[in-house]
Amino acid sequence: MITLAQDAVVHRAGSSLRGEGEAVDPVDVALVRSGLLSAARQMQRALIRTSFTPVVYEVLDFAAVIYDRHYRLLAQAPSLITFMGTMSFCIEAAVESVGGESELEPGDVILLNDPYLTGSHAQDAAVVMPIFMPEHGLVGYSAIKAHWADIGAKNRYCTDTVDLFQEGMLLPGVKLYSRGERNEDIMRILRANSRLPRDVEGDLNAEIVGVRVAAAALCRVIERFGMPTFEAAVEAMFDHGEATVRSYLAKIPDGRYVGHGQIDSDGISDEAIPFDVGLEVEGDRCRLDLSGAPDSRGGPMNCPVPTTVSACRVAITALVGGGEALNEGFFRPLEIITRPGSIFHPLRPSPCFMGSWPGMQAADAAIHAVAQAIPERLVAEAGGDIAGTGFWGYREETGEGWLMGGAFPTGQGASARGDGASALIHWMQGATRVTPCEVMEAKAPIVLDRYELDPDSGGAGQYRGGLGVVFLFRLTETCEGINMLERAKNPAKGLLGGAEGRPGSGEIIAPDGSTRSVQKETGYWFTPGARFHWRTAGGAGYGPPEERDPAAVREDLRQGFISEEAARADYPHAFSGDGGGA
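Small disclaimer: the values here were computed from a predicted structure and weren't measured.

### Remarks on the overall build of the chain
For step 1, the next point in the chain: The secondary structure content of the chain amounts to 12 helices and 21 strands.
For step 2, the next point in the chain: Overall, the chain is about 85 × 65 × 45 Å in size when its C-alpha atoms are taken along their principal axes.
For step 3, the next point in the chain: The buried share among the 582 residues of the chain stands at 59%.
For step 4, the next point in the chain: The long-range fraction of contacts in the chain, counting pairs at least 24 apart against all pairs at least 6 apart in sequence, stands at 74%.

### Regarding the layout of surface pockets
For step 1, the next point in the chain: Computed from the structure, the largest pocket encloses a volume of approximately 870 Å³.
For step 2, the next point in the chain: Elements represented by at least two residues in the lining of the largest pocket include exactly helix H2 (54–57), helix H6 (197–225), helix H9 (356–373), strand E13 (388–394), strand E14 (401–406), helix H10 (437–443) and strand E17 (479–484).
For step 3, the next point in the chain: When residues of the lining of the largest pocket are assigned to their parent elements, the largest contribution, 6 residues, is made by E14.
For step 4, the next point in the chain: In this structure, the second largest pocket encloses a volume near 490 Å³.
For step 5, the next point in the chain: As for the second largest pocket, its lining consists of 21 residues, of which Ile81, Met84, Glu324, Ala325 and Leu326 are closest to the centre.
For step 6, the next point in the chain: At the level of secondary structure, the elements contributing two or more residues to the lining of the second largest pocket comprise helix H1 (26–50), strand E3 (73–76) and helix H8 (305–320).

### Quick notes on the pairing of strand E4 (residues 109–112)
For step 1, the next point in the chain: Going residue by residue along E4, you find Val109 and Leu111 tucked away on one face and Ile110 and Leu112 tucked away on the opposite face as well.
For step 2, the next point in the chain: When E4 meets strand E7 (residues 172–178), the two strands line up antiparallel, connected through 4 bridges. Counterpart to Leu111 in the pairing with E7 is Val174.
For step 3, the next point in the chain: Pairing of E4 with strand E5 (residues 124–133) involves 3 bridges; the strand directions are antiparallel. Its bridge partner being in E5, Leu112 is matched across the sheet by Ala126.

### Thoughts on the side chain of Thr389
For step 1, the next point in the chain: For Thr389, the position within the fold is in strand E13.
For step 2, the next point in the chain: Note on Thr389: relative accessible area 1%, which makes it buried.
For step 3, the next point in the chain: At 3.0 Å, the side chain of Thr389 forms a polar contact with the backbone oxygen of Ile482.
For step 4, the next point in the chain: Beyond its immediate stretch of four places on either side in the chain, Thr389 contacts Gly405, Gly406, Phe408, Phe473, Ile482, Asn483, Met484, Phe532 and Trp534.

### Section: the packing of helix H5 (residues 184–192) against H6
For step 1, the next point in the chain: Here H5 crosses H6 at 135 degrees, and the two axes come no closer than 8 Å. Overall, the two elements H5 and H6 adopt an arrangement that is oblique. Contacts between H5 and H6 involve Met187, Leu190 and Arg191 from the first element and Pro197, Glu201 and Leu204 from the second.
For step 2, the next point in the chain: Classifying every residue of the contact of H5 with H6 by side-chain character gives 4 nonpolar, no polar and 2 charged.

### Focus: H5
Three or four residues apart is the spacing at which side chains of an α-helix point the same way, because the helix has 3.6 residues per turn.
For step 1, the next point in the chain: Taken together, the buried positions of H5 are Ile186, Met187 and Leu190. Buried residues along H5 cover an arc of 100 degrees about the axis, so they all sit on one side. Counted as exposed and oriented over 90 degrees from the buried face of H5: Arg188 and Ala192.
For step 2, the next point in the chain: Those residues of H5 hidden inside the fold are in contact with E4, E7, strand E8 (181–182) and H6.
For step 3, the next point in the chain: Put simply, Asn183 is the residue that caps the front of H5, since its side-chain oxygen is 3.0 Å from the backbone nitrogen of Asp185.

### Brief notes about the sheet that holds strand E2 (residues 62–68)
For step 1, the next point in the chain: Strand order in the open sheet formed by 7 strands is E3-E2-E6-E5-E4-E7-E8, and the pairing between neighbours is antiparallel. Sheet topology places E3 and E8 at the edges, where each strand pairs with a single neighbour.
For step 2, the next point in the chain: Set on the sheet, H5 makes contact with E4, E7 and E8; between it and E7 the angle comes to about 125 degrees.
For step 3, the next point in the chain: Here helix H7 (residues 227–249) sits on the sheet and contacts E2, E3 and strand E6 (137–147); the angle it forms with E3, its principal contact strand, is near 80 degrees.

### Observations regarding the sheet that holds strand E10 (residues 273–282)
For step 1, the next point in the chain: If you walk across this open sheet you meet the 5 strands as E1-E12-E11-E10-E9, and the pairing is mixed. Strands at the two margins of the open sheet, each flanked by one partner only, are strand E1 (9–11) and strand E9 (255–263). Adjacent strand axes in the sheet meet at a mean angle of 20 degrees when their direction is disregarded.
For step 2, the next point in the chain: Pairing between E1 and strand E12 (residues 334–338): 3 bridges, direction antiparallel. Looking at the pairing, Val10 lines up with Ile337 of E12.
For step 3, the next point in the chain: Its contacts with the sheet place H7 against E10, strand E11 (285–289) and E12, and it is angled at close to 80 degrees to E11.
For step 4, the next point in the chain: In the packing of H9 onto the sheet, contacts are made with E9, E10 and E11, and the angle to E9 comes to roughly 145 degrees.

### Quick notes on H9
For step 1, the next point in the chain: The first and last C-alpha atoms of H9 sit 27 Å apart over 18 residues, in line with the 26 Å expected at 1.5 Å per residue.
For step 2, the next point in the chain: Of all 18 residues in H9, 16 are buried, a share of seventy percent or more.

### A short note on the confidence of the model for the chain
For step 1, the next point in the chain: Mean pLDDT over the chain stands at 92; residues scoring 70 or higher make up 97%.
For step 2, the next point in the chain: Confidence, expressed as mean pLDDT per element, reaches its minimum in the chain at E14 with 89 and its maximum at E4 with 98.

### Some points on the packing of aromatic side chains
For step 1, the next point in the chain: Within this structure, the stated rule accounts for 14 aromatic pairs.
For step 2, the next point in the chain: Ring geometry for Phe275 and Phe344: centres 5.1 Å apart, planes at 70 degrees, overall edge-to-face. Separated by 69 residues along the polypeptide, Phe275 in strand E10 and Phe344 in the loop between E12 and H9 bring together distant segments of the chain. For the pair shown, Phe275 and Phe344 are each scored as buried.
For step 3, the next point in the chain: Ring geometry for Phe408 and Phe471: centres 4.9 Å apart, planes at 65 degrees, overall edge-to-face. Within this pair, whereas Phe408 is found in the loop between E14 and H10, its partner Phe471 is found in strand E16 (residues 469–475), the two being separated by 63 residues in sequence. The same class applies to Phe408 as to Phe471, namely buried.
For step 4, the next point in the chain: Over the aromatic face of Tyr177 sits the side chain of Arg212, whose NZ or CZ is 4.8 Å from the ring centroid.

Rules and cut-offs
- Residues numbered from 1 in each chain as written.
- Predicted model: local features only at pLDDT ≥ 70, side-chain atom pairs only at ≥ 80, totals over all residues.
- Heavy atoms only, no water.
- Helix = DSSP H or I, 4+ residues; strand = E, 2+ residues; numbered from the N terminus.
- Buried < 20%, exposed > 50% of the residue type's maximum accessible area, 1.4 Å probe, protein only.
- Contact = heavy atoms within 4.5 Å.
- 1 Å grid on protein atoms, 1.4 Å probe; cavity = no way out; pocket = protein on both sides within 12 Å on 5 of 7 lines; lining within 4 Å.
- Points joined across faces, edges and corners; volume = space filled by probe spheres on them.
- Pairing = 2+ DSSP bridges.
- Polar contact = N/O pair within 3.5 Å; in protein donor to acceptor, adjacent residues only side chain to side chain.
- Axes fitted to C-alpha atoms, helices over the stretch in contact; angles between N-to-C directions.
- Parallel < 35°, antiparallel > 145°, perpendicular 65-115°, else oblique.
- Nonpolar A, V, L, I, M, F, W, Y, C, P; charged D, E, K, R; others polar.
- Arc of directions from axis to C-beta.
- Expected span 1.5 Å × (residues − 1).
- pLDDT = per-residue confidence, 0-100.
- Phe/Tyr/Trp six-rings, centres within 6.5 Å; stacked < 30°, edge-to-face > 60°.
- Lys NZ or Arg CZ within 6 Å of the ring centre and 35° of its normal.

Written as structure tokens, this is what we have:
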């Protein structure tokens, strides 16, 4: 059993409110659930269609959610899965920041971006709207957390902050709208503290449109079924999610398992940061223990509690859900343990601009812990990185500010069922997308000279890891850049004898041909004609390479997924008796 430290904190999901003997027609449950998911998707579409920046309408770097009045997740639109589970913290903090539920009124909209309340860096600004119905009062909340282009940090994106105050203007939870009336003073402050005020105001207005659309849609669902049936259906929906997870956990042998992770650096020093995630399974429930994590660091690789909890919940439910849309019930069998003052439970004003990166690694380590128990049912590690890079500046002809970048695809891990997928956004990024080349080149002084699969990047094995991607960006105007490379020192780990994937790398190529490597770096300059060579990490292999089918090796060679040199080194059995030919 896990022995809790005196200062450890245990995080649990919302409990059931279902009355004894309460029954509901399963058809009504299905219809209510579909109605809630439809409402969340309507919110998502409204946001995408009215937003200003590609990071929102192309990348889908946002969460769009509907919660009940008890801060329990009803529905979330497909988007950034890293935000899954953070929004209960965010919504509750928003309500508390304005004085509690009693201070809420119809037409209110709360705005906050404090990382210790939202679980994200300051650029992820959340809009929370309480939803009222005349005959029922407060019935729930609609909320969107979306990435803004600029929020007045020391740089437009930061890898080297030393405290929270360098990471941007903080909104601790303020009523942007009170009874439907907008506070223009807050809008003036926002515009004055952004290098891209038009984009920020446009995306904020899009968030407001989205939460209003969701509020109207939720009210329609309740009106259709009536409040008693709606509430009973919601409790049944949560109970189903809980039973689904408990059924999966019951199949894992009881015991304590440990997954290992390592962060390359904190962005300030070059020191690696190893950590463990303990998994204790007992019957149909489990605990994920991060209380032994190292102390928080001086650089921005600290993970706020909401993201830590979210990462652990997503890691387990991703193995369980079978494609079902998640709700609060899926999280009930899980407990997450953190220690205040650690990298997974930092205390203000510790910097946390890149907190999503250690959160992602915590999720990978949690799955690695599960794999100690049931390796035949798990996948080897993926490239393990958001693989983020960005560029910004002011257009030479117009002086207009611009920003372009995002997350890029990595290789995924192999499994007992086949090779890992190539060139996919890391699974913790969920339904987010890569900014299309055409959008980059149309909206920024960037030309993509190369964008292709990276041969030999997937780890060898009975089943090969997926390939990362190689990019070559060429800048046609002077601009700044940022690189957010993680796992350059800690490649994806294989399962049951599979080999590691190749780690990612970044290289700046000056117009004169000189080069230098970059990993985590903020604010370096590109001159016209400079290039950035970016290779994302590959996934790890599964099973011994000597058991790979020679026909699969030859097919990989034909497709260009591996070089002949690598094939001969990793799979010599595929070349026995060939007289030296491929």
